[in-house]
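# Structural characterization, general
For reference, the chains in residue letters:
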Amino acid sequence: MNAITPNPQAVPAPVGLLAELTHRCPLRCPYCSNPLELDRRSRELDTATWQRVLTEAAGLGVLHVHLSGGEPTARNDIVEITETCAKLGLYSNLITSGVGGALDKLQALYDVGLDHVQLSVQGVDAQNAEKIGGLKNAQPQKMAFAEKVTSLGLPLTLNSVIHRGNIHEVEGFIDLAVRLGAKRLEVAHTQYYGWAYVNRAALMPNKADVDASIRIVEAARERLKGQLVIDLVVPDYYAKYPKACAGGWGRKLINVTPQGKVLPCHAAETISQLEFWYVTEHSLGEIWTHSPAFTAYRGTDWMQEPCRSCDRREKDWGGCRCQALALAGDAAATDPACSLSPLHAKVRALAAEEAADNPPDYVYRTIGSNVRSPLKEDAPL
Ligand code: SF4
Ligand code: FES
């Protein structure tokens, strides 16, 4: 494995802050991107610290704050935190499940200046959706929440994470987004980190269904031009080139966990040799510019072949470090999702094999479970 050395290349200004306010959540989605070891309530940052972090983020040039979790409305101070964003001129996006206390807090969030809502939907058919999310009666709560969002005039994005348990509903997600008056729909094929990695065999769709889902989205984009924007995240394992994960390591995004650990992406903790700094000990600016975790894979100096001499290296920044570790056993390797990686054929074969087998039961997301991270074991390829 390559030694990690700080990268001296110029430091860009961050654009977005993903504020994981809490890991508490009423849903138990088996594809959750949170780590397997979830932060408990007793370790969460207090209101004043979040307000200081937001102030520092604005000073660094951050424009968008994604108020996320877990379920961010589970925090009693969500309205105060949102108000702080508004006062600092930060565009606030509430990423919510729409269940639990979300509906009760929505009016107050709107009143203090919330800018945008992103609502997760696990399925179109209520029974299927509630099986995936692991919570009975969630679907009617989500629908009531969505209606309230649009009645307030707040822009609504629906987020549907696609996998073999709901890939047959892609057309239905599009109809649902239109019916609810959403401005945007994310058809996001599952990315296999965190809980999704553990559940990969239960979630992996086959290539034919993936291709069909992409055709459905392309046709709907044409049909619904000017009415609904549809973002499509294609599944890595079937892609030709990887995505620029998190917009490139240490280039655009800062992720702060509920206990204040600052990460370059939501799964970075799986790279166990990295050293992460906390907002309780350093300013956000210091962490962004100098912390070992952010400097480790910033720029291109750390790259190996084929990335090092590839003309796409400043487009996708070598793909995803966490996936490279998970699949290749080296976070500095070319992401095996890339067709130029020597491991890509194996990734394709692995996906096809898992998709062909009967799906195992979901391992539902839960705080305090003993699920071990497969990312720390030997890479499977
Ligand atoms: Fe991107 Fe590296 Fe693949 Fe080139 S070789 S396309 S830089 S992941
Ligand atoms: Fe960590 Fe992609 S999830 S770099």
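Just so it is clear, the model here is predicted, and its values are computed rather than measured.

Time to look at the packing of helix H2 (residues 78-88) against helix H3 (residues 102-111). Relative orientation of the contacting elements H2 and H3 amounts to 25°, with a least axis distance of 9 Å. Classed by the angle they form, the pair H2 and H3 counts as roughly parallel. Judged by the sense of rotation from one axis to the other, the crossing of H2 with H3 is right-handed. On H3, the residues that touch Ile 78, Val 79 and Thr 82 of H2 are Lys 105, Ala 108 and Leu 109. Partitioned by chemical class, the residues of the contact of H2 with H3 number 4 nonpolar, 1 polar and 1 charged.

Sites flagged by UniProt as "binding site: [4Fe-4S] cluster" (unreviewed entry) map to Cys 25, Cys 29 and Cys 32. Set against the largest pocket, the annotated residues named above that line it are Cys 25, Cys 29 and Cys 32. Tracing the chain through its elements places Cys 25 in the loop between strand S1 (16-20) and helix H1 (47-60). What makes Cys 25 partly exposed here is its relative accessible area of 27%. Excluding anything up to four places from it in sequence, Cys 25 contacts Gly 70, Glu 71 and Arg 365. Mapped onto the secondary structure, Cys 32 falls in the loop between S1 and H1. A relative accessible area of 14% means that Cys 32 is categorised as buried. When sequence neighbours within four positions are dropped, the list of residues in contact with Cys 32 reads Tyr 193, Gly 194, Trp 195, Ala 196 and Arg 365.

With that settled, consider the site of ligand 1. Neighbouring residues of ligand 1: Tyr 241, Pro 242, Pro 306, Cys 307, Cys 310, Arg 312, Arg 313, Asp 316, Gly 318, Thr 334, Cys 338 and Leu 340. For the shell around ligand 1, the per-class residue count stands at 7 nonpolar, 2 polar and 3 charged.

Conventions used here
Residues numbered from 1 in each chain as written. Chains lettered and ligands numbered in written order. Predicted model: local features only at pLDDT ≥ 70, side-chain atom pairs only at ≥ 80, totals over all residues. Heavy atoms only, no water. Axes fitted to C-alpha atoms, helices over the stretch in contact; angles between N-to-C directions. Helix = DSSP H or I, 4+ residues; strand = E, 2+ residues; numbered from the N terminus. Parallel < 35°, antiparallel > 145°, perpendicular 65-115°, else oblique. Left-handed = near helix turned anticlockwise from the far one by under 90°. Contact = heavy atoms within 4.5 Å. Nonpolar A, V, L, I, M, F, W, Y, C, P; charged D, E, K, R; others polar. UniProt positions renumbered as here; feature names shortened; annotations may be inferred. 1 Å grid on protein atoms, 1.4 Å probe; cavity = no way out; pocket = protein on both sides within 12 Å on 5 of 7 lines; lining within 4 Å. Buried < 20%, exposed > 50% of the residue type's maximum accessible area, 1.4 Å probe, protein only. Near = heavy atom within 4 Å.

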